[in-house]
Amino acid sequence: CSSDLDPVHGRTDRLVVEWVRDRPDSLVSGRVLAAHAELSPHGRLIRQVIPSVPSPTSPTEALPRRVRRRLARMARTTGATFGAPQDLEWAVDDGGALWLLQSRPVTALHLAPTRRHPPRFGAGPVAETFPRPLAPLEQDLWVPPLREGIVRALRATGAVSDADLRRSPVLTTVDGHVVIDLDLIAGTDPHRSWRRQL
């Protein structure tokens, strides 16, 4: 599995990759201990952990450089194609070909704040649309297209700069609740005092 960001720490400058020498379901089910690596956006190895108590199908060596680079390219391509960071399931066959098995959006982003003040999240204008928490499948189905629609609307109206859109998750979920970046939507200026904003 791979994604085009680190969804746990919110780092968009690295990829997180886990792999086993077996079928993908062995990794998902937890039957096999996976190796873990963090890569640069172009596939350079930053950090790696190989299982210390391997099973017969646990990885015993690093991913080859060629595979790391192709994974990084695949992560960039799927993220650009679908307009949001993606969790990827992939496989390398006996001939060395890299296969994309599945791509789905990362719905629980914990992006590290890049503004002076971290974003303020709240239900805001999406409260009526999603009054209750969403199940994981519902999050996968509804959150990415809604996020894309909001981004397109903000770009079309010129209400928010492209730089601000790139820095913000815009829309995400917290414990299944759909939340939006209130500062981005309200167009508040984080450099203005709270008194002026009120």
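Our subject is the structure that appears above.
Residues numbered from 1 in each chain as written. Predicted model: local features only at pLDDT ≥ 70, side-chain atom pairs only at ≥ 80, totals over all residues. Heavy atoms only, no water.

Considering the arrangement of structural elements, one finds His36 in strand 3 (residues 35-39). The buried category is assigned to His36, whose relative accessible area is 18%. At 3.3 Å, the side chain of His36 and the side chain of Glu18 are in polar contact. Residues contacting His36, with those up to four places away along its chain left out, are Val16, Val17, Glu18, Trp19, Arg47, Gln48 and Val49. (Helix = DSSP H or I, 4+ residues; strand = E, 2+ residues; numbered from the N terminus. Buried < 20%, exposed > 50% of the residue type's maximum accessible area, 1.4 Å probe, protein only. Polar contact = N/O pair within 3.5 Å; in protein donor to acceptor, adjacent residues only side chain to side chain. Contact = heavy atoms within 4.5 Å.)

A cluster of nonpolar side chains, Leu137, Leu141 and Trp142, forms an exposed patch at the surface whose accessible area comes to about 370 Å². Structurally, the position occupied by Leu141 is in helix 3 (residues 136-157). Judged by its relative accessible area of 52%, Leu141 is exposed. (Patch = residues over 30% accessible without salt bridge, like charges linked within 9 Å, V, L, I, M, F, W, Y side chains within 5 Å. Areas by Shrake-Rupley, 256 points an atom, 1.4 Å probe, with all protein chains shown as cover. Salt bridge = Lys/Arg side-chain N within 4 Å of Asp/Glu carboxyl O.)

Glancing now at helix 2 (residues 65-82). Taking 1.5 Å per residue as the helical rise, helix 2 with its 18 residues ought to reach 26 Å, and the 26 Å between its terminal C-alpha atoms agrees with that figure. Turning to helix 2, its buried residues number three or more, namely Val67, Arg68, Arg70, Leu71, Ala72, Met74, Ala75, Thr78 and Gly79. Looking at the residues trailing helix 2, positive phi occurs at Gly83, about 75 degrees. (Expected span 1.5 Å × (residues − 1).)

This paragraph deals with the side chain of Glu89. Take Glu89: it is sitting in strand 5 (residues 86-92). Separated by 3.3 Å, the side chains of Glu89 and Arg104 make a polar contact.

On to helix 3. Over its 22 residues, helix 3 runs 31 Å from end to end, which matches the ideal 32 Å to within 8%, given 1.5 Å per residue. When the local axis directions of helix 3 are compared, the greatest deviation, roughly 25 degrees, occurs at Trp142, which is followed within four positions by the proline Pro144. Listing the buried residues of helix 3 in full gives Gln139, Val143, Pro144, Arg147, Ile150, Val151 and Leu154. Of the surrounding secondary structure, the elements contacted by the buried residues of helix 3 are strand 6 (98-105), helix 4 (162-167), strand 8 (171-174), strand 9 (177-181) and helix 5 (182-186). Directly after helix 3, the chain includes Gly158, whose backbone phi takes a positive value near 70 degrees. (Bend = angle between axes of the 7 residues up to and from the residue.)

What follows concerns the pairing of strand 3. Among the five residues of strand 3, five are classified as buried, and the element is accordingly described as predominantly covered. On strand 3, burial covers both faces: Ala35, Ala37 and Leu39 on one face and His36 and Glu38 on the other are all buried. In this sheet, strand 3 lies alongside strand 2 (residues 15-19) in antiparallel orientation, the contact comprising five bridges. Note on strand 3: the bridge partner recorded for Val16 is Glu38. (Pairing = 2+ DSSP bridges.)

Taken together, the three strands give an open sheet; going across it, the order is 7-9-8, and neighbouring strands pair in antiparallel fashion. The open sheet is flanked by strand 7 (121-122) and strand 8, the only strands paired with a single partner. Note that strand 8 and strand 9 share four bridges and pair antiparallel. Its bridge partner lying in strand 9, Thr173 is registered against Val178. Lying over the sheet, helix 3 contacts strand 8 and strand 9, oriented at roughly 145 degrees with respect to strand 8. (Axes fitted to C-alpha atoms, helices over the stretch in contact; angles between N-to-C directions.)

Assignment of secondary structure puts Glu148 in helix 3. When its relative accessible area of 23% is taken as the criterion, Glu148 is described as partly exposed. Through-space distance from the C-alpha of Glu148 to that of Ala84 is 8.2 Å; in sequence the pair is 64 residues apart.

What follows is about the nonpolar core. Note that soluble globular proteins tend to have their nonpolar side chains buried in a common cluster. In this structure, Val17, Trp19, Leu63, Leu71 and Trp90 are the most contacted members of the largest nonpolar core, which totals 15 residues. Broken down by secondary-structure element, the contributors of at least two residues to this core are strand 2, strand 3, helix 2 and strand 5. A per-element tally of this core places helix 2 first, with five residues. Judged by nonpolar contacts, the second largest core, of 14 residues, contains Val143, Ile150, Val160 and Leu165. (Core = buried A, V, L, I, M, F, W, Y, C linked by side-chain atoms within 4.5 Å.)

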